[in-house]
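The chain contents come next:
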Amino acid sequence: MQIDPLLLVTDIKGAATAILGKDVTTITGFSNRQINGLATQASLVATGVANGEIAGDTLTFFLDQLIDLTENFVKTMVGLLIVTIEKIWNAIVKVIWSAIEKVAGVVLPVPNIH
Amino acid sequence: MLKKTSLPARIIAIGLALSFAVSCTVKLAPSYDEKIATGLTTALKESLILFAALEEGAPAESLPARKTACNSLQGTLEALRIQLKARPVPDTKYLDNAKKLLRERGLDAGSGNDPTDGALRGLLGIVAEIKRLDNAQGLSKTIVAAHRNAMILYFDQAITYESFLKR
């Protein structure tokens, strides 16, 4: 009994695509909300500056905050992508392990380094 | 390529496979914590209630009530930051590899790992600023709108990330 490499590749692609499809929707939605929100924030600050309501220390606060909001948006995106990478990595391992199990004829516990 | 053979040979093959696979499944992100997720929802509700009151205006006579609401929200957010610090962090070796992969593709998270902590820090900054302005010059409509929008963005970051950890 042998492992069919072509079938294994198909199974791996299937596992990865299933995860990516769902996660990409969530991540894209989040990204769109954040980008629109940041644009709104910039516009509100500009309005406040134009009508004199935002100046001095208050303006400094809002400008620093815009940088912080953007940096944390990127940090969150990286966090979401890392979770997706983890899910795909582990799904691929399970597909490979299952293929080895079928050939070995025994149930193998998937080792992990959690 | 593995063939069906004798039991000892199979055991040797399994041993070999296990020794090669010593770093199989990994954990690159923290585990989902229901208490943190619930805590964020509570904090969001408190924030929205505060801003609903602010949008109606911020007269001097209701300053003590707003101070109490701000202090309560501050306490909730600081408690969440402490809970976060107690959360176990995954092995950084594999996390660093994943981050390197993303950096090479133009996504640099910079130093510091937890986006939820970054969001909570930002939210605490908003509460402090509202308290400062309320005591000093008052809170205009535009300033309230800007703080509310920033608050929603920070909560979106934290809540989206924490929900995503449920896997």
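Along each chain, residue indices are assigned from 1 in the same order as the chain's sequence is written. Starting at A for chains and at 1 for ligands, labels are handed out in the order in which the entities are written. Only residues with pLDDT of at least 70 are given local features in this predicted model, and only at 80 or more are side-chain atom pairs given and counted; all residues enter the totals for whole chains, interfaces and linings. Side-chain measures were taken over the full set of non-hydrogen atoms in the model, leaving aside hydrogen atoms and water.

## A look at the overall build of chain A
Segments assigned H or I by DSSP are reported as helices when at least four residues long, segments assigned E as strands when at least two residues long, and all are numbered from the N terminus. Broken down by element type, chain A carries two helices and zero strands. Taken over C-alpha atoms, the radius of gyration comes to 24 Å for chain A, far larger than the 13 Å a tight globule of 114 residues would show. In terms of overall dimensions, chain A has C-alpha extents of about 80 × 25 × 15 Å along its principal axes. Taking all 114 residues of chain A together, 41% fall into the buried category. Counting only contacts in chain A whose residues sit at least 6 apart along the sequence, the fraction spanning at least 24 positions is 72%. C-alpha atoms define the radius of gyration in this analysis, and the globule rule sets the expected value at 2.2 Å times the number of residues to the power 0.38. Under the scheme applied here, a residue whose accessible area is under 20% of the maximum for its type counts as buried, over 50% as exposed, and between as partly exposed, the area being computed with a 1.4 Å probe on protein chains only. The contact criterion used throughout is that any non-hydrogen atoms of two residues lie within 4.5 Å.

## Remarks on the packing of aromatic side chains
Two rings from Phe, Tyr or Trp (for Trp, the six-membered ring) form a pair when their centres are within 6.5 Å of each other. A pair whose planes differ by under 30 degrees is stacked, one over 60 is edge-to-face, and the rest are tilted. Here the structure, examined in full by the defined rule, presents two aromatic pairs over all chains. Ring centres of Phe-61 of chain A and Phe-62 of chain A lie 5.6 Å apart, and the angle between their planes is 75 degrees; this geometry places the pair in the edge-to-face category. For Phe-62 of chain A, a relative accessible area of 0% gives the class buried. Charge over a ring is defined by NZ of Lys or CZ of Arg lying within 6 Å of the ring centre and within 35 degrees of the ring normal. The residue whose ring lies beneath Lys-87 of chain A is Phe-164 of chain B, and the NZ or CZ to ring-centre distance is 4.9 Å.

## Remarks on the pattern of salt bridges
Residue and element names in this part refer to chain B. Counted as salt bridges are all cases of a side-chain nitrogen of Lys or Arg within 4 Å of a carboxyl oxygen of Asp or Glu. Enumeration over the complete set of coordinates arrives at 11 salt bridges over all chains. A salt bridge links Arg-148 to Glu-55; its shortest N-O distance comes to 3.2 Å. With Arg-148 in helix H6 (residues 141–164) and Glu-55 in helix H2 (residues 34–55), this pair connects stretches of sequence that are 93 residues apart. For Glu-55, a relative accessible area of 45% puts it in the partly exposed group. Between Arg-66 and Asp-134 there is a salt bridge, and its shortest N-O distance comes to 2.6 Å.

## Brief notes about helix H1 (residues 5–50) of chain A
All names here are of chain A. A helix is expected to span 1.5 Å multiplied by its residue count minus one. The end-to-end C-alpha distance of H1 is 65 Å, a good match for the 68 Å that 46 residues give at a rise of 1.5 Å each. N or O atoms within 3.5 Å of each other form a polar contact, as long as, within protein, one can give a hydrogen and the other can take it, and as long as residues adjacent in sequence are counted only when both atoms are side-chain atoms. The N-cap of H1, judged by a side-chain oxygen 3.0 Å from the amide nitrogen of Leu-6 a few residues on, is Asp-4. One or two steps after H1, the chain reaches Gly-52, where phi turns positive at roughly 85 degrees.

Keep in mind these values describe shape, not function.
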